[in-house]
Amino acid sequence: MAIVSVVWLAAAVCFFVALPNHSWLWLINFFNAIQVIMTLIKYIPQAIMNFRRKSTDGFSIGNILLDFLGGCTNYSQMIVQSIDQNSWVNFYGNIGKTLLSLVSVVFDLLFICQHYVLYPAKKAVISSKLSKDGGVEPLLKSSDHPESENV
């Protein structure tokens, strides 16, 4: 709650600073910086928690894969536009977009590495009980012979 309050207060102050000068580009760059910082605040605790637990149990990798795809297509779009325009201004002209994509892709790669390489899910081992006659006991007992359940 404190972080959100500080961000809203800083945004309001910057808005009123930019208002008389009409320096809207500066204000947008400031908001981009806030977005990058909030993204770092969002990803760092998850990476630390995965590291401390040495596990990604309960962690949805699907959203991370989609986020990674989004970051890669964002960079692809900027590359295609830069080639088309014969200028790399798309990368350094909108530093907020570039940094946000970079942070997302780096953390997505970290999470993918944690999920699939460093801490892969443990396979559940199901032990089978041997029945009296040496065969494997069924997981579900038949309701045809209720007397065998009491044995």
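Since the model is a prediction, treat every value here as computed from it, not as a measurement.

1. What to know about a nonpolar patch on the surface
Where nonpolar side chains cluster on the molecular surface, the patch consists of Ile-3, Val-4, Trp-8, Ile-37, Met-38 and Ile-41 and spans about 570 Å² of accessible area. Broken down by secondary-structure element, the contributors of at least two residues to the nonpolar patch are α1 (2–21) and α2 (24–53). Here Ile-3 lies in helix α1. Its relative accessible area of 42% is what places Ile-3 among the partly exposed residues.

2. Some points on the nonpolar core
Soluble, globular proteins show a tendency: their nonpolar side chains are buried together. In this structure, Val-36, Tyr-43, Ala-47, Phe-59, Ile-61, Ile-64, Leu-100, Val-103, Phe-107, Phe-111 and Ile-112 together form the largest nonpolar core, which totals eleven residues. Elements that contribute at least two residues to this core include exactly α2, α3 (61–85) and α5 (95–118). The greatest single-element share of this core, amounting to five residues, is contributed by α5.

3. Things to note about the side chain of Asn-90
You can see Asn-90 is positioned in helix α4 (residues 89–92). Its relative accessible area of 17% is what places Asn-90 among the buried residues. Discounting residues that sit within four places of it in the chain, Asn-90 has contacts with Met-78, Gln-81, Ser-82, Gln-85 and Thr-98.

4. Observations concerning the UniProt feature "transmembrane region" (unreviewed entry) in the protein chain
Mapped onto the present numbering, the UniProt feature "transmembrane region" (unreviewed entry) falls on residues 24–44 and 99–119. From the first C-alpha to the last, residues 99–119 spans 28 Å; its make-up is 95% helix and 0% strand.

5. Notes on unusual backbone geometry
Of note in the backbone geometry, Lys-54 takes a positive phi value of approximately 55° without being a glycine. Phi at Asn-86 takes a positive value of approximately 55°, unusual for a residue other than glycine. As for its placement among the helices and strands, Asn-86 is situated in the loop between α3 and α4. On the basis of relative accessibility, which here comes to 76%, the residue Asn-86 falls in the exposed class.

The rules behind these values
- Residues numbered from 1 in each chain as written.
- Predicted model: local features only at pLDDT ≥ 70, side-chain atom pairs only at ≥ 80, totals over all residues.
- Heavy atoms only, no water.
- Patch = residues over 30% accessible without salt bridge, like charges linked within 9 Å, V, L, I, M, F, W, Y side chains within 5 Å.
- Areas by Shrake-Rupley, 256 points an atom, 1.4 Å probe, with all protein chains shown as cover.
- Salt bridge = Lys/Arg side-chain N within 4 Å of Asp/Glu carboxyl O.
- Helix = DSSP H or I, 4+ residues; strand = E, 2+ residues; numbered from the N terminus.
- Buried < 20%, exposed > 50% of the residue type's maximum accessible area, 1.4 Å probe, protein only.
- Core = buried A, V, L, I, M, F, W, Y, C linked by side-chain atoms within 4.5 Å.
- Contact = heavy atoms within 4.5 Å.
- UniProt positions renumbered as here; feature names shortened; annotations may be inferred.

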